[in-house]
Amino acid sequence: MANVRLSAIKKSFGKTDVLHGISLEVASGEFVSLLGASGCGKTTLLRIVAGLESVTAGSVEIEGVEVTRLPPEKRDIAMMFQSYALLPHLDVAENVRFPLRMRGIGGREEQAEKVKAALETVQLEHFADRRPRQLSGGQQQRVALARAIVSRPKVLLLDEPLSNLDARLREDMQVELIEIHQRLGLTTIFVTHDQEEALSLSDRVVLLNAGKIEQEGTPAEIYSQPATGFASNFIGSANLLPADIVAGDAGPMAKFSDGQTLQLGPDERVRGPVSIALRQEDLSLSATGDGPKAKVRTRVFLGARNRYVLSLAGEPLRALTANDVEFSNGQSVTLSIDPQRVRVLPR
Amino acid sequence: MNDRTESLLLALPGLLLLVLAFFLPIGQMLVLSISGPDGPTLSHFARFLSDPFYLGILWRTVRLSLLITVICALIGFPLAYIMARVGPRLRLWLVVMVILPLMTSVVVRTFGWMVLLSRSGLIPELLRDMGLVGRSFALMQTEAAIVIGMVQVLLPFMTLSILGVITRIDGRLEEAARTMGCSFLQSFRTVVLPLSLPGIVAGSLLCFTLSTSLVCDAQSARRHANTSVGGIDLQIGYPNAGLAVCCSTGGHIIRWHPAGTGALYQDDGLQQWLSQSRHGCVRLP
Ligand SMILES: Nc1ncnc2c1ncn2[C@@H]1O[C@H](COP(=O)(O)OP(=O)(O)O)[C@@H](O)[C@H]1O
Ligand SMILES: [Mg+2]
């Protein structure tokens, strides 16, 4: 059963149209990510679900009840803000108790127990009487999470909750989020601009582009079968090269503007002018051999890996290799890739 | 040179001025208030505190000032909140409107209130016509008139003190409160009010201190409203300097605005007292 149903949501701020008709269903207990570049309308959509923003057209339903015109306090939701929005004049325990107090959930003792349990969930039980400003960024963020889950809302809305954390803390929090979701089974809408985060956390990813849904599916589908150029570029930051499809001895081939060709899988059906999507991590480079040649422009050392920026038919092309693969700038290298992993997208 | 000495140096000219122009004279006054013909004495204070005339003035001053401060806070807080949350253009207009009364001369302002409040003025007429008040209803020269006039003068101080604090409150805190089950008014009470308390306290202190000195003006100046128009501002000179200072330390530094807010108030005892003070010199009873 759908827990949240958005139907043809449109939103304009004055003359600027931000959302162009978004329809989306989130099942009960599902963890859905809204993924998209900054400014594509993710926050706006989340705020519409929360009731903090009105819609220009369309409707919002939560558990089958239309809530489009209800103010936020009448919707049973919890939202975690990117800036955490902890109340600075209350201590940690009071912050976490706030939604219980305001919604009148339980008596004083029951509330205290729930607060304690929520703080234990995020491992902050020893910080109950601190003020928010006495906590580090990561701790504040966990308080915000505890506050969001303590009232067991029908829908949990998370707006880029991990974006202010350093890499280490972020990984820890991702694991924590997954565990909390598994334990509590709250219907969760998670907003992020980080594709890895979206892919690793969610049951379903909704890719947004300029106020429209570009593609939605499971993380595996989104990753392995991007439907559009935008999707394949955004997910896994694949290289997109313009090419034509020509017939070759061993099936169709992609012909780049400089005449070089790349073998495609035998059952590739798309014809005409196309974009060839090549994932950075699928490309391998060698000094000799058959295949399209590219010139090395720069090498970026990433620790565990090297990233080479190459140039093929005048287009930049990025490739990830092991960190012991060494080429010099200006050297000509041969590209090879499994034909099955090349995606051909109509241009 | 470290930061501390540097900032101290920067503050030095201001501090020097403060010491020379404020602390020194105030200190002198304090010394004066405890000195008599035969060395140090508390007799001035004893006289001040035992005379019901002075105590009456003191009590009325404090009472009116408190009332004025509370009214200013009750109007100023929602006003400041609205100003903080509207768009920048509208905010500019509101700020101008709030500050404008401060820029008009005290004379013009007072005559404005006279037009509105006097027996045949707009407001009493209107109230009489609507049958809400009796024929003998008057606002001019009542305490109500003082309070109304002073609230107008002091409201900008309150509003701007609170506005400074509210603009620094993150609007998302209120939104977060809304998503946690607060209605608009609840979020106002549980989030905005406690966080703007510093501004309310600062504004209230400002209003209270300003109104204690202004109420004095109002009480003392009625007499000369008709005879002179303009901004003569003089300290009433007491022949008995010690007692004068004693009054001052009680919160009254009495200034004299002949056509100031005082025109709104009449007090017979005070008037008698002031009638002897035409030349800025009072013989005390
Ligand atoms: N209150 C607002 N008034 C005007 N424009 C807004 C407002 N909120 C957001 N926008 C615009 O809507 C677009 C989407 O914003 P947002 O939803 O915050 O994007 P995202 O969260 O995906 O980065 C942006 O171009 C932004 O400038
Ligand atoms: Mg955003």
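Residues numbered from 1 in each chain as written. Chains lettered and ligands numbered in written order. Predicted model: local features only at pLDDT ≥ 70, side-chain atom pairs only at ≥ 80, totals over all residues. Heavy atoms only, no water.

Looking at an unreviewed UniProt entry, one finds chain B named ABC transporter permease, with Devosia algicola as its source organism. Under the Sequence similarities (unreviewed entry) heading, UniProt states for chain B: "Belongs to the binding-protein-dependent transport system permease family. CysTW subfamily." The UniProt entry for chain B carries the following comment under Subcellular location (unreviewed entry): "Cell membrane". (UniProt positions renumbered as here; feature names shortened; annotations may be inferred.)

The name recorded for chain A in an unreviewed UniProt entry is ABC transporter ATP-binding protein, from Devosia algicola. Quoted straight from UniProt, the Sequence similarities (unreviewed entry) entry for chain A says "Belongs to the ABC transporter superfamily."

Describing the domain arrangement of chain A
Residue and element names in this part refer to chain A. According to the domain assignment, chain A consists of domain 1 (2-230) and domain 2 (238-346). Between the C-alpha centres of domain 1 and domain 2 the distance comes to 39 Å. Counting residues at the interface gives seven residues for domain 1 and five residues for domain 2. Looking at the side of domain 1 facing domain 2, the largest losses of area belong to Tyr 223, Pro 226 and Gly 229, adding up to 76% of the total buried there. (Domains from an automatic or database assignment. Contact = heavy atoms within 4.5 Å. Buried area = accessible area lost by both parts, 1.4 Å probe.)

Observations regarding the site of ligand 1
Residues and elements named next belong to chain A. As a structural note, the neighbourhood of ligand 1 is formed by Phe 13, Val 18, Ala 37, Ser 38, Gly 39, Cys 40, Gly 41, Lys 42, Thr 43 and Thr 44. Within the side chain of Thr 43, a nitrogen or oxygen atom sits 2.5 Å from an oxygen atom of ligand 1. Thr 44 has a polar side-chain atom sitting 2.5 Å from an oxygen atom of ligand 1. For ligand 1, the protein covers 56% of the area, taking 560 Å² as the surface of the free molecule. The leading source of residues in the shell around ligand 1 is helix α1 (residues 42-50), at three residues. Among the residues forming the shell around ligand 1, the class breakdown is four nonpolar, five polar and one charged. (Near = heavy atom within 4 Å. Polar contact = N/O pair within 3.5 Å; in protein donor to acceptor, adjacent residues only side chain to side chain. Areas by Shrake-Rupley, 256 points an atom, 1.4 Å probe, with all protein chains shown as cover. Helix = DSSP H or I, 4+ residues; strand = E, 2+ residues; numbered from the N terminus. Nonpolar A, V, L, I, M, F, W, Y, C, P; charged D, E, K, R; others polar.)

Some thoughts on the UniProt feature "domain: ABC transporter" (unreviewed entry) in chain A
According to UniProt, the "domain: ABC transporter" (unreviewed entry) feature falls on residues 4-235 of chain A. For the annotated span residues 4-235 of chain A, helix accounts for 37% and strand for 27% of the residues, and the straight-line distance between the end C-alpha atoms is 25 Å.

Some words on the sheet that holds strand β16 (residues 293-301) of chain A
Residues and elements named next belong to chain A. Pairing is antiparallel in the open sheet, where five strands are placed in the order β15-β19-β16-β17-β18. Every interior strand has two partners, whereas the edge strands, β15 (284-286) and β18 (315-322), have only one. Strand-to-strand twist in this sheet, taken as the mean axis angle between neighbours without regard to direction, amounts to 45°. (Pairing = 2+ DSSP bridges. Axes fitted to C-alpha atoms, helices over the stretch in contact; angles between N-to-C directions.)

Re the side chain of Thr 68 of chain A
Residue and element names in this part refer to chain A. The residue Thr 68 is located in the loop between β5 (65-66) and β6 (77-80) in this model. Assessed through its relative accessible area of 9%, Thr 68 is described here as buried. A distance of 3.0 Å separates a polar side-chain atom of Thr 68 from the backbone nitrogen of Val 60. For Thr 68, the residues in contact, after removing those within four places along its chain, are Val 55, Gly 58, Ser 59, Val 60 and Arg 75. (Buried < 20%, exposed > 50% of the residue type's maximum accessible area, 1.4 Å probe, protein only.)

Here we look at the nonpolar core
All names here are of chain A. Residues Leu 6, Ile 9, Leu 45, Phe 98 and Leu 157 are the most contacted members of the largest nonpolar core, which totals 43 residues. Residues in contact with Ile 9, not counting those within four places in the same chain, are Leu 19, His 20, Gly 21, Ile 22, Leu 45, Ile 48, Val 55, Ala 57, Gly 58, Ser 59 and Val 60. Of all hydrophobic cores here, the second largest spans 32 residues; its members include Ile 149, Leu 156, Leu 177 and Leu 201. (Core = buried A, V, L, I, M, F, W, Y, C linked by side-chain atoms within 4.5 Å.)

Quick look at the interface of chain B and chain A
Tallying the contact residues gives 18 residues for chain B and 20 residues for chain A. Sorting the residues of chain B by area buried against chain A places Arg 178, Thr 179 and Met 180 of chain B first, and these three jointly supply 39% of that buried surface. Taken together, chain B and chain A are joined by two salt bridges. One salt bridge connects Glu 175 of chain B with Arg 47 of chain A, and the closest N-O pair in it is separated by 2.6 Å. For the pair chain B and chain A, the interface holds four residue pairs in polar contact (both at pLDDT 80 or more). Counting only elements with at least two residues in the side of chain B that touches chain A, the list comes to α8 (171-179) and α9 (184-221) of chain B. Along the lines of polarity and charge, the residues of the side of chain B that touches chain A split into nine nonpolar, five polar and four charged. (Salt bridge = Lys/Arg side-chain N within 4 Å of Asp/Glu carboxyl O.)

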